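Below, each chain spelled out in residue letters.
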Amino acid sequence: MSQERRVSIAEAKNRLPSLVHEAEQGTSVELTRRGKPVAILLSWDAYQRLASHHASLNVYDAVMRWRKEAKVEELDINPDEIFVRDQSSGREFNWE
């Protein structure tokens, strides 16, 4: 199970080698500026998992993956009754 820790950028400048080591061990490090999160330090493996998962996934593939994982076809539902597209013509618009 990965852990997370929060560190200011000023502190991170002084402790970068040890923070990188913690990231390699599975602890993601949230970097903050004036108490607000601005970046995350994480291991290369964790980054690769995140990047590869999203890089090749388009909306259609994501929906199809979700349908398969959720076993939508096995449920006794009609997706057309749940996911209804707005059939209105929308608002009026004039280019002038």
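Here is a short report on the structure shown in this document. Because the structure is a prediction, the values reported are computed rather than measured.

### A few points about the pattern of salt bridges
In step 1: Scanning all chains against the criterion turns up 4 salt bridges.
In step 2: Across the pair Glu22 and Arg15 runs a salt bridge, and its minimum N-O distance is 3.6 Å.
In step 3: A relative accessible area of 21% places Glu22 in the partly exposed class.
In step 4: Connected through salt bridges with shared partners, the residues Arg5, Glu11, Arg15 and Glu22 form a single ionic network.

### Structural notes on helix α1 (residues 9–24)
In step 1: Counted at 1.5 Å a residue, the expected span for α1 with its 16 residues is 22 Å, but the 19 Å between its end C-alpha atoms falls short.
In step 2: Arg15 marks the point of greatest bend in α1, at about 90 degrees, and the proline Pro17 comes within the next four residues.
In step 3: Looking at α1, one finds that the buried residues are Ala12, Leu19 and Ala23.
In step 4: Backbone geometry just after α1 places Gly26 at a positive phi near 110 degrees.

How each quantity is defined
- Residues numbered from 1 in each chain as written.
- Predicted model: local features only at pLDDT ≥ 70, side-chain atom pairs only at ≥ 80, totals over all residues.
- Heavy atoms only, no water.
- Salt bridge = Lys/Arg side-chain N within 4 Å of Asp/Glu carboxyl O.
- Buried < 20%, exposed > 50% of the residue type's maximum accessible area, 1.4 Å probe, protein only.
- Helix = DSSP H or I, 4+ residues; strand = E, 2+ residues; numbered from the N terminus.
- Expected span 1.5 Å × (residues − 1).
- Bend = angle between axes of the 7 residues up to and from the residue.

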